[in-house]
Amino acid sequence: MGYMVDGGVVDRTRFSLRGPARLPPTGGLDTRWLEVGGARLRIAERRPAVAAAEATTFVLAPDPPNVLEHHRATFEQLVEGGRVIGLELPGFGFSSLPKRFSFSAEANAALVLDALDRLAVRRAVLVFPCVAGLAALEAARMEPETVAAVVLCQTPSFPDVLRWTRRVDFKGLVATPVLGQVLVRATRRRLARAWYDAALPEAVDRKPYLEPALQAYDQGADYCLASALQAVQRSEPPRTKVEVPVLSIWGALDRTHRRSDPAALAEIAPHLDLRIFDDAGHFPDLEQPRRFADEVLAFSLRHA
């Protein structure tokens, strides 16, 4: 499936040649570095005012080109139910890349589980978006004793993920190893504008989404979209089901997923709880943080 050449070497080489990234201005979130698995992950953390509420830890990842700053409201809402940790996955935002990182769901899952161990998280609810949701599901397969439940945002079934990556990739250029990496690096600002235009409902103001993303680029953030997309297209379908509870929240106005069937995820997640936000696009967690948090908190009370 896909190309045999690993174009990710382009992004890994870029990271190995550049100096360490600096933490950007907080933008309302206190962030720090977590060294794990050969990567330097940028994380943010909030703890509830009442220590006893920390039985649940929510671990969320931004959906690139979003960065942690996009999730300030989500942090404020979820901390009502427990500790909240945000992390930017390797090669996105300000997080670095391990030298031999493959960008696969398995590689991301292993790194996330190592990060949870370093952060002394014993039971987590992973709140992951879109393609990154495949890594959350893989982490739940690998360590169900650590991943108590999974919350997905706009994550379709694996076959729909493959079809989606081909639809959003203009003429297959991003999926072409090396060329895709060079193209994404050169046009990442234009790609961000195009992505928010396609993914958000027409009536939603793009400015609160686009400006933090472009500011992050100006401060040194990265966007290894081609390497991630190519890794998905090289992947095989999951062979085992996810036995932990899974909540999938789906924005019906996401034009990039018009042909995806959110219910098809039940084929690999038999304990699927599906919620459709009829008036949201690709980012229901960011577009409607209060409603999103209410669903997640109620779900975690039932299952985590």
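Every value quoted in this text rests on a predicted model; they were computed, and no experiment measured them. (Residues numbered from 1 in each chain as written. Predicted model: local features only at pLDDT ≥ 70, side-chain atom pairs only at ≥ 80, totals over all residues. Heavy atoms only, no water.)

Attention now goes to the pattern of salt bridges. Two side chains bearing opposite charge may form a pair once their charged atoms approach each other closely. Applying the stated criterion across every chain yields a total of 25 salt bridges. Here Arg83 ties to Glu45 by a salt bridge, and the two come within 2.6 Å at their closest N and O atoms. Of the two residues, Arg83 sits in strand E4 (residues 83-87) while Glu45 sits in strand E2 (residues 39-46), which places them 38 residues apart along the sequence. For Lys207, the salt bridge identified is with Glu211, shortest N-O distance 3.8 Å. Taken together, the residues span about one helical turn, with Lys207 and Glu211 both in helix H7 (residues 207-218) at a distance of four residues. Within the structure, one salt-bridge network assembled from shared partners comprises Asp11, Arg14, Arg18, Arg185 and Asp222. (Salt bridge = Lys/Arg side-chain N within 4 Å of Asp/Glu carboxyl O. Helix = DSSP H or I, 4+ residues; strand = E, 2+ residues; numbered from the N terminus.)

All right, on to the environment of Asp197 then. Looking at the element boundaries, Asp197 is found in helix H6 (residues 179-199). Exposure remark for Asp197: the relative accessible area of 42% places this residue in the partly exposed category. For the pair formed by Asp197 and Asp6, sequence separation is 191 residues and the distance between their alpha carbons is 30 Å. Discounting chain neighbours no more than four positions away, the residues touching Asp197 are Arg206 and Arg255. (Buried < 20%, exposed > 50% of the residue type's maximum accessible area, 1.4 Å probe, protein only. Contact = heavy atoms within 4.5 Å.)

This part takes up the pairing of E2. Both faces of the sheet carry side chains from a regular strand, because those side chains alternate between them. The pairing of strand E1 (residues 31-36) with E2 spans six bridges and is classified as antiparallel. Considered in E2, the bridge of Leu34 is made with Leu41. Two strands pair when backbone bridges link them, and E2 and E4 are joined in this way by four bridges, in the antiparallel orientation. Bridge pairing in E4 places Arg46 opposite Val84. (Pairing = 2+ DSSP bridges.)

Following the sequence through the fold, Pro48 ends up in the loop between E2 and strand E3 (57-60). On the basis of relative accessible area, Pro48 is assigned to the buried category, the value being 11%. Note: C-alpha distance between Pro48 and Val79 (31 residues apart in sequence) is 5.4 Å.

Turning to helix H1 (residues 8-17), a few remarks are in order. Among all positions in H1, only Gly8, Val10, Asp11, Arg12 and Phe15 are buried. For H1, the elements touching its buried residues are H6, strand E8 (222-223) and helix H8 (225-234).

Each aromatic ring pair is specified by the distance between its two centres and by the angle formed by the two planes. If you walk through the whole model with that rule in mind, you get seven aromatic pairs. Measuring from ring centre to ring centre gives 6.0 Å for Phe92 and Tyr223, while their planes differ by 70°; the resulting arrangement is edge-to-face. Taken together, the residues Phe92 in strand E5 (residues 92-93) and Tyr223 in strand E8 connect sequence positions 131 residues apart. Site record: aromatic cluster; members linked through ring pairs are Phe92, Tyr217 and Tyr223. Taking the ring centre of Tyr217 as reference, the NZ or CZ of Arg188 above it sits at 5.4 Å. Its guanidinium or amino end placed over the ring of Phe277, Arg291 lies 3.7 Å from that ring's centre, counting from NZ or CZ. (Phe/Tyr/Trp six-rings, centres within 6.5 Å; stacked < 30°, edge-to-face > 60°. Lys NZ or Arg CZ within 6 Å of the ring centre and 35° of its normal.)

A few words now on the sheet that holds strand E7 (residues 147-153). The strand order across the open sheet built from eight strands is E1-E2-E4-E3-E6-E7-E9-E10, with neighbouring strands paired in mixed fashion. The open sheet terminates on both sides in strands that have one partner only, identified here as E1 and strand E10 (272-277). Here the average twist between neighbouring strands, direction ignored, is 25°. Sheet strands touched by helix H3 (residues 105-118): E1, E2, E3, strand E6 (124-129) and E7. Its angle to E1, the strand with the most contacts, is close to 110°. Lying over the sheet, helix H4 (residues 132-142) contacts E6, E7 and strand E9 (246-251), oriented at roughly 165° with respect to E7. (Axes fitted to C-alpha atoms, helices over the stretch in contact; angles between N-to-C directions.)

Turning our attention to unusual backbone geometry. Following Pro64, the chain continues to Pro65 via a peptide bond in cis, the omega torsion being 10°. By secondary structure assignment, the location of Pro65 is in the loop between E3 and helix H2 (72-78). A positive phi angle is found at Phe103, which is not glycine, with a value near 70°. Within the secondary structure, Phe103 is located in the loop between E5 and H3. Judged by relative accessible area, which is 6%, Phe103 ranks as buried. Unusually for a residue other than glycine, Cys130 sits at a positive phi of about 45°. Inspection of the secondary structure puts Cys130 in the loop between E6 and H4. Given a relative accessible area of 4%, Cys130 falls into the buried group.

Just geometry here; none of it tells us what the structure is for.
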